[in-house]
Amino acid sequence: MEITNVMEYEKIAKEKLPKMVYDYYASGAEDQWTLQENRNAFSRILFRPRIIIDVGEIDVSTRVLGFKISMPIMVAPTAMQKMAHPDGKFF
């Protein structure tokens, strides 16, 4: 299966993980308001396709807090990864 978006990762996780583990990762705190707001915010981000543009040399690097990163993708700290994989951490 070729994964093309985050929702497809979520579908695969639901199929592969035990229900309790999936529910933990898929949920938010208390009333899950922040989780829903984050999903709403990301759904408003659109990519504008560029047609007939030279893509021979593309630089997607950017600066975050004064540090140059190779591409604008970051992962926030998460806990309890060991529930999904033996190499993960509990804290």
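Up top you'll find the structure we're talking about.
Quick summary incoming for the structure in this document. From a predicted model like this one, the values you see are computed outputs, not experimental measurements.

What counts and what doesn't
- Residues numbered from 1 in each chain as written.
- Predicted model: local features only at pLDDT ≥ 70, side-chain atom pairs only at ≥ 80, totals over all residues.
- Heavy atoms only, no water.
- Phe/Tyr/Trp six-rings, centres within 6.5 Å; stacked < 30°, edge-to-face > 60°.
- Buried < 20%, exposed > 50% of the residue type's maximum accessible area, 1.4 Å probe, protein only.
- Salt bridge = Lys/Arg side-chain N within 4 Å of Asp/Glu carboxyl O.
- Helix = DSSP H or I, 4+ residues; strand = E, 2+ residues; numbered from the N terminus.
- 1 Å grid on protein atoms, 1.4 Å probe; cavity = no way out; pocket = protein on both sides within 12 Å on 5 of 7 lines; lining within 4 Å.
- Points joined across faces, edges and corners; volume = space filled by probe spheres on them.
- Nonpolar A, V, L, I, M, F, W, Y, C, P; charged D, E, K, R; others polar.
- Patch = residues over 30% accessible without salt bridge, like charges linked within 9 Å, V, L, I, M, F, W, Y side chains within 5 Å.
- Areas by Shrake-Rupley, 256 points an atom, 1.4 Å probe, with all protein chains shown as cover.

### Observations concerning the packing of aromatic side chains
Applying the stated criterion to the full structure yields 1 aromatic pair. Relative to Tyr 25, the ring of Tyr 24 has its centre 5.6 Å away and its plane inclined at 65 degrees; by these criteria the two rings are edge-to-face. For Tyr 24, a relative accessible area of 40% puts it in the partly exposed group. Look at Tyr 25 and you get partly exposed, because its relative accessible area is 33%.

### Section: the pattern of salt bridges
Enumeration over the complete set of coordinates arrives at 2 salt bridges. With a shortest N-O distance of 3.5 Å, Arg 39 and Glu 10 are connected by a salt bridge. Of this pair, Arg 39 sits in helix 3 (residues 33–43) while Glu 10 sits in helix 1 (residues 6–16), and the two are 29 residues apart along the sequence. Under the relative-accessibility criterion, Arg 39 is labelled partly exposed at 37%.

### Notes on the layout of surface pockets
Approximately 1,600 Å³ is the volume found for the largest pocket. In terms of lining, the largest pocket is formed by 33 residues, of which the most central are Val 6, Glu 10, Leu 35, Arg 39 and Phe 42. Of all the secondary-structure elements, those providing two or more residues to the lining of the largest pocket are helix 1, helix 2 (19–26) and helix 3. Considering each element in turn, the lining of the largest pocket owes the most residues, 7 residues, to helix 3. Tallied by class, the residues present in the lining of the largest pocket amount to 21 nonpolar, 9 polar and 3 charged.

### Some words on a nonpolar patch on the surface
Taken together, the side chains of Ile 53, Val 55, Ile 58, Val 60, Met 71 and Ile 73 define a hydrophobic patch exposed on the protein surface, amounting to about 590 Å² of accessible area. Here Met 71 is to be found in the segment after strand 2 (67–69). The partly exposed category is assigned to Met 71, whose relative accessible area is 39%.

### Examining the environment of Lys 16
Mapped onto the secondary structure, Lys 16 falls in helix 1. Sequence separation between Lys 16 and Ala 84 is 68 residues; the distance between their C-alpha atoms is 9.2 Å.

### Focus on the environment of Tyr 25
Tracing the backbone through its elements, the reader meets Tyr 25 in helix 2. The spatial distance from the C-alpha of Tyr 25 to the C-alpha of Asn 38 is 15 Å, given a sequence separation of 13 residues.

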